[in-house]
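Listed here are the chains, written in short residue letters.
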Amino acid sequence: MEKIRTRYAPSPTGKMHVGNLRTALYEFLVAKHEGGDFMLRIEDTDQERFVEGAIDIINRTLEMTGLYHDEGPDKDGGVGPYVQSERVKTGIYMKYAKELIDKGEAYYCFCDKERLASLKTAVSEDGKTITVYDKHCLGLSKEEVEKNLAEGKPFVIRQNIPNEGTTTFKDELYGDITVDNSELDDMILIKSDGYPTYNFANVVDDHTMNITHVVRGNEYISSSPKYQRLYDAFGWKSPVYIHLPLITDENHKKLSKRSGHSSFEDLIDQGFISEAIVNYIALLGWSPEDNREIFSLDELIREFDYHRISKSPAVFDIQKLRWMNGEYLKAMDDDKFFEMAKPYLEEALPAGMDLKKVASKVKTRIEVFPDIAEQVDFLKAVPEYSTELYANKKNKIDAAGSLAVLTDVLPILEAQDDYSNDALYAKLLEYAESKGFKNGYVMWPVRIALSGKVMTPAGATEILELLGKEESVKRIKAAIEKLS
Ligand code: GLU
């Protein structure tokens, strides 16, 4: 069997969209599942869309997500260059375009802007307005073409698609797709600046770089018959095509920048970790045989069978991703968690507090790092709260009972020097027993007094320990005043 070779072929046009990352991930998994090679190819022939810094984003994202490539601009595998603008300089696209011209499958077109503007237009699948070329220049004689070229007249090279007949190509998920040739436009293969279009370059490159499987968004399905015609014209074997379903937002609209979480960078900025993002994105269009949801990248490599990719649109559900991220945080090694949580803790906590201790308290209670702030904000200052919080059915306590407990507890805390959780716990227990109270009857009002909240990531005596004596006493006094 031939070795599987896939490629991720991004155009450096900006951020790494969730859809792009899914394509990269699936390309990677298709190859790695079978022990194949994964290649990175930069498609920068559309100079107008080129964005400075976009290649860095691509490299950084692939590195952070663990999608290592076996070949690419920085790793020669013998079929380079791996950047299309560099491939242009080798003359490869022009050479193959001329071969097509010789075969009658392509032709020079010298039509100027004005003439093209007078032609009929159509709207392509991805919403762009395209000119339906009328084959005017196909009628030029050999001499006329030679003359124009000799005069240096600007030209493009177009694919020559007959008006009759049909073209069929095969997609692994959709099966055979057949279209009438009359629906296919004579697309430009080489632009007037001498650069190939994506439409031409992807075919030449995938073939000359020995790509066996192409994974890409299904917006490319409508162009694929034209690519198939190119493969056939050259007598090349076309790769296995896997076109992926659309990713939509919660409102079933195409996931766009407006959602605020459409790119990998947005998600990282929002405190998600890359392992969870990769895991979640893997499930946007693919599912295993069982209902399992948590997969490391290695597990995905083992389990990923592309035949199980779905054809229906995948909904990007940020709540689901939050849940998944929380699962990753819970399972994370404590030291690593602390390192990653540290900047958020430093921001949220008063100076001098034991960050490590707080980290261990919040680890199982947050979904993303920025959640830390609302979990621990009370440690900086007690928020505004209502004395109604002191009434609690489970602990059979009300505001009056709370006032009595706090009044008793204050001198105990003032006299206490050892503010470790254990010592404080023993002291408060001793007090509860002396009064015949249940634990909760004492801990409840203390916790409310210290935090102004009914739910905290730490228990009453843990909070006392974190705050230390001075601050604890101050807060208990304030609570007594509030209740009196
Ligand atoms: N350069 C194209 C893009 O970024 C790649 C499409 C493909 O994978 O063939 O959309």
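Residues numbered from 1 in each chain as written. Predicted model: local features only at pLDDT ≥ 70, side-chain atom pairs only at ≥ 80, totals over all residues. Heavy atoms only, no water.

**Comments concerning the overall build of the protein chain**
Item 1. For the protein chain, the count of helices and strands is 19 helices and 13 strands.
Item 2. Whereas a compact globule of 484 residues would reach a radius of gyration of roughly 23 Å, the protein chain reaches 32 Å, over 25% beyond that.
Item 3. Burial statistics for the protein chain: of 484 residues in total, 50% are counted as buried.
Item 4. Here the contacts in the protein chain between residues at least 6 apart in sequence split such that 74% fall between residues at least 24 apart. (Helix = DSSP H or I, 4+ residues; strand = E, 2+ residues; numbered from the N terminus. Rg over C-alpha atoms; globule rule 2.2 N^0.38 Å. Buried < 20%, exposed > 50% of the residue type's maximum accessible area, 1.4 Å probe, protein only. Contact = heavy atoms within 4.5 Å.)

**Focus: the pairing of strand β6 (residues 156–159)**
Item 1. With burial as the criterion, each face of β6 is covered, one bearing V156 and R158 and the other bearing I157 and Q159.
Item 2. Note: strand β3 (residues 106–109) against β6, four bridges, orientation antiparallel. In the strand pairing of β6, A106 is matched with Q159.
Item 3. Across two bridges, the pairing between β6 and strand β9 (residues 188–190) is antiparallel. Pairing of R158 across the sheet is with I188, part of β9. (Pairing = 2+ DSSP bridges.)

**With respect to the pattern of salt bridges**
For side chains bearing opposite charge, pairing can occur when the charged atoms are close.
Item 1. Applying the stated rule across the entire model yields 35 salt bridges.
Item 2. Note that R41 is salt-bridged to D206, the shortest N-O span being 2.9 Å. Of this pair, R41 sits in the loop between β2 (37–40) and α2 (54–65) while D206 is found in helix α7 (residues 198–208), placing the two residues 165 residues apart along the sequence.
Item 3. For the salt bridge of K357 with D354, the shortest nitrogen-to-oxygen distance reads 3.8 Å.
Item 4. Taken together, the salt bridges that share partners define one network made up of R7, E27, R41, E43, R87, D205 and D206. (Salt bridge = Lys/Arg side-chain N within 4 Å of Asp/Glu carboxyl O.)

**With respect to the nonpolar core**
Item 1. Counting residues in hydrophobic clusters, the biggest one holds 103 residues, and the most contacted among them are F316 and L379.
Item 2. A per-element tally of this core places helix α19 (residues 460–483) first, with 10 residues.
Item 3. Listed in part, the 35 residues of the second largest apolar core include V88, I92, Y195 and F200. (Core = buried A, V, L, I, M, F, W, Y, C linked by side-chain atoms within 4.5 Å.)

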